[in-house]
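Structure assessment
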Protein chains: 2
Amino acid sequence: MSKVIDFYFDFSSPYGYFASTKIDALAAKYQRKVNWHPILLGAIFKVNGCAPLTMVPLKGEYALRDFERTARFHGIPFNQPPTFPIATQSTARATVWLQQNAGADKAREFAQAAYHAYFVDGIDINDPVNLQKIAEKMGLDAAALLEGVNSPAIKEKLKHDVDQAMQRKVFGSPYIIVDGEPFWGFDRFDQLEAFLKTGSI
Amino acid sequence: MSKVIDFYFDFSSPYGYFASTKIDALAAKYQRKVNWHPILLGAIFKVNGCAPLTMVPLKGEYALRDFERTARFHGIPFNQPPTFPIATQSTARATVWLQQNAGADKAREFAQAAYHAYFVDGIDINDPVNLQKIAEKMGLDAAALLEGVNSPAIKEKLKHDVDQAMQRKVFGSPYIIVDGEPFWGFDRFDQLEAFLKTGSI
């Protein structure tokens with residue numbers, strides 16, 4: 001059995017989205033599988049006092065430019081969403097529910113579809129109506145999914161997952177942990193690949 | 001005459017130091033010269049409410065690891081200084097004084113020596129005693145330099161330079177502007193090179 005890579009991401013994070021388009025292929029190249037962990041940066045920012053990039057003076061304007069440029073540089077489809085950032089707890093809960101009820105592959109496929117809907121098509125993926133559309137397009141039981149999103153058990157599970165992430169010192173998105181080595185940011189994929197290749201860095 | 005690259009850096013910034021070891025060779029590869037601009041991130045952080053990386057919970061611990069790993073990855077000598085971050089106004093003023101009184105090449109050479117003293121040898125480069133040693137080793141008139149560092153005119157010039165940087169929306173270190181295109185961070189050197197190569201990105 002191949003060892004896993006832990007991939008933490010927030011659905012409202014552009015760099016998390018960029019990472020999501022590359023992480024599985026990179027992992028497969030080094031005989032690894034990826035565990036996808038949706039997290040809520042809002043909950044983490046409450047702890048470390050950070051703010052979303054685009055809300056920081058000066059940095060915010062640059063960040064918007066960097067999102068577009070980084071997407072072009074890496075050949076990733078991207079359109080800055082009209083509403084940004086957005087709450088993403090329903091999207092994250094939907095992913096968690098799918099992990100429990102449809103398996104990791106379906107959950108990953110849903111996460112990729114949701115990221116694409118938000119960062120390419122500008123759709124508010126936290127809105128239940130839109131979650132339903134994404135689920136139906138994938139042939140999933142959308143009613144069961146929405147019920148799951150609102151269930152106390154799934155809310156509790158996501159909260160637990162975010163707490164676990166914080167215990168592993170995850171503070172941003174994307175955040176990748178391989179064999180105990182942490183990598184924060186899509187711009188550390190070069191170092192991540194070097195580590196996967198040689199086992200040290 | 002070749003067009004310039006504007007390179008903004010704080011002497012207490014590890015990523016600024018990393019950039020300082022590569023920027024001139026990169027520029028020369030594309031027939032460019034570099035204007036070195038020491039800035040004071042402390043003054044800028046007062047405006048945008050940011051804090052030094054290592055003071056942010058969770059992020060701080062990761063940052064220390066990232067400094068070391070990034071240095072190894074790029075083959076740059078680096079030792080985390082025992083005191084970090086430090087005030088750098090005297091070092092910045094010394095650079096500005098040299099720019100005015102010894103020319104851009106000497107000023108750059110001094111900046112490189114100061115960065116090396118701090119990030120390799122762990123020396124507090126804001127301490128006048130250490131500034132003097134660096135200057136003497138370079139064969140500069142250390143007494144004149146220290147007098148310059150304390151002169152109202154040089155203090156005013158650095159303040160003016162930092163204000164100018166902020167007007168150009170510089171908010172971090174390293175920050176590079178080429179033909180109006182801004183690049184923040186040593187980890188954008190791949191995009192910076194692509195821009196230098198093709199004139200667009």
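Here we summarise the structure given alongside this text. Worth saying up front: this structure is predicted, and the values here are computed from it rather than measured. (Residues numbered from 1 in each chain as written. Chains lettered and ligands numbered in written order. Predicted model: local features only at pLDDT ≥ 70, side-chain atom pairs only at ≥ 80, totals over all residues. Heavy atoms only, no water.)

Describing the overall build of chain A
What counts is decided by this rule: Helix and strand assignments follow DSSP, with helices taken as H or I runs no shorter than four residues and strands as E runs no shorter than two, numbered in order from the N terminus. The atom set for the radius of gyration is the C-alpha atoms, and the globule formula is 2.2 Å times the number of residues raised to the power 0.38. Exposure categories follow from relative accessible area, calculated using a 1.4 Å probe and restricted to protein chains: below 20% of the type maximum is buried, above 50% is exposed, and the middle band is partly exposed. The contact definition used throughout considers only heavy atoms, calling two residues in contact when any of these lie within 4.5 Å. Here the Shrake-Rupley method, with its probe set to 1.4 Å, supplies the accessible areas, and only the displayed protein chains count as covering residues.
Across its full length, chain A carries ten helices and four strands. When the elements of chain A are put in sequence order from the N terminus, they spell out β-α-α-β-α-α-α-α-α-α-α-β-β-α. Taking 17 Å as the expected radius of gyration for a compact globule of 201 residues, we find that chain A reaches 16 Å, a close match to that expectation. Expressed as a percentage of the 201 residues in chain A, the buried residues total 52%. Partitioning the intrachain contacts of chain A with sequence separation of at least 6 by distance along the chain shows that 70% fall at a separation of at least 24. Carbon and sulfur atoms make up 53% of the accessible area of chain A, which totals about 9,000 Å².

Section: the interface of chain A and chain B
For clarity, the cut-off: Summed over both partners, the accessible surface that disappears when two parts come together, traced with a 1.4 Å probe, is what is meant by buried area. We define a salt bridge as a side-chain nitrogen of Lys or Arg found within 4 Å of a carboxyl oxygen belonging to Asp or Glu. Identification of polar contacts relies on pairs of N or O atoms within 3.5 Å, with a donor-acceptor requirement for protein atoms, meaning one able to donate a hydrogen and the other able to accept it, and with residues adjacent in sequence counted only if both atoms are side-chain atoms.
Taken together, the contact between chain A and chain B spans 32 residues of the former and 32 residues of the latter. By the criterion of area lost to chain B, the three top residues of chain A are Leu58, Tyr62 and Arg69 of chain A, representing 21% of everything that side buries. Here chain A and chain B share ten salt bridges between them. A salt bridge links Arg65 of chain B to Glu181 of chain A, with the nearest nitrogen and oxygen atoms 2.8 Å apart. Summed over the shared surface of chain A and chain B, the result is 20 residue pairs in polar contact (both at pLDDT 80 or more).

Thoughts on the relation of the copies chain A and chain B
To keep things clear, this is the line we draw: Here the copies are superposed with least squares, the fitted atoms being C-alpha atoms of residues at a pLDDT of at least 70 in both.
Superposition record for chain A on chain B: RMSD 0.0 Å, screw rotation 180°, translation along axis 0.0 Å. Taken together, the rotation angle and the small translation identify this as a two-fold axis. Proximity to the rotation axis, assessed at the C-alpha, singles out Asp187 of chain A in chain A; its C-alpha lies 3.2 Å from the axis. When the interface residues of chain A are mapped onto chain B, 100% of them again fall at the interface, so both copies present the same face.

Comments concerning the sheet that holds strand β3 (residues 175-178) of chain A
All names here are of chain A. Spelled out, the test is: Pairing between two strands requires that DSSP report at least two bridges joining them. Angular values range over 0 to 180 degrees, each being the angle between N-to-C directions of two axes fitted as lines to C-alpha atoms, with helices fitted over their stretch in contact.
Spatial ordering of the open sheet is given by β2-β1-β3-β4, a layout of four strands whose pairing is mixed. Of all the strands in the sheet, just β2 (33-38) and β4 (181-184) have a single pairing partner and so form its edges. Averaged over all pairs of adjacent strands, the angle between strand axes in this sheet comes to 20°, irrespective of strand direction. When strand β1 (residues 4-9) meets β3, the two strands line up antiparallel, connected through four bridges. What sits directly across from Asp6, in β3, is Ile177.

The quantities given are spatial measurements derived from coordinates; they are silent on function.
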